[in-house]
Amino acid sequence: MKANELRSKGATELQEELVALLKEQFSLRMQIATQQLNNTSQLLRVRRDIARVRTIQREKAVA
């Protein structure tokens, strides 16, 4: 997910995106715990996307 795509979204869309990413992160963590996840880089990608969304939310809150 690109930061430019996130900047074009509204506050509610960003919140929905964040909730979806947090659910995906939880799911991936459970898959790691049960040793069902083969590609562990997915967790890193999701964590970075969560950070991007939170950063954009913060930028919009300050502006």
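The structure under discussion appears in the preceding block.
Now for a quick tour of the structure. Note that the structure is predicted; figures quoted are calculated from it, not measured.

In this section: the pattern of salt bridges. On inspection of all chains with the given rule, the structure shows five salt bridges. Residues Glu-59 and Arg-7 are paired through a salt bridge, measuring 3.3 Å at the closest nitrogen-oxygen approach. With Glu-59 in helix α3 (residues 41-62) and Arg-7 in helix α1 (residues 3-7), the pair connects residues that are 52 residues apart, well separated along the chain. Looking at Glu-59, the relative accessible area reads 37%, which means it is partly exposed. Between Arg-45 and Glu-24 there is a salt bridge, with the nearest N and O atoms lying 3.1 Å from each other. Residue Arg-45 is located in helix α3, and its partner Glu-24 is located in helix α2 (residues 11-33); the two are separated by 21 residues in the primary sequence. You can call Arg-45 partly exposed: its relative accessible area is 41%. Here the salt bridges do not stand alone but share partners, grouping Glu-24, Arg-45, Asp-49 and Arg-52 into one network.

Basis of the calculations
Residues numbered from 1 in each chain as written. Predicted model: local features only at pLDDT ≥ 70, side-chain atom pairs only at ≥ 80, totals over all residues. Heavy atoms only, no water. Salt bridge = Lys/Arg side-chain N within 4 Å of Asp/Glu carboxyl O. Helix = DSSP H or I, 4+ residues; strand = E, 2+ residues; numbered from the N terminus. Buried < 20%, exposed > 50% of the residue type's maximum accessible area, 1.4 Å probe, protein only.

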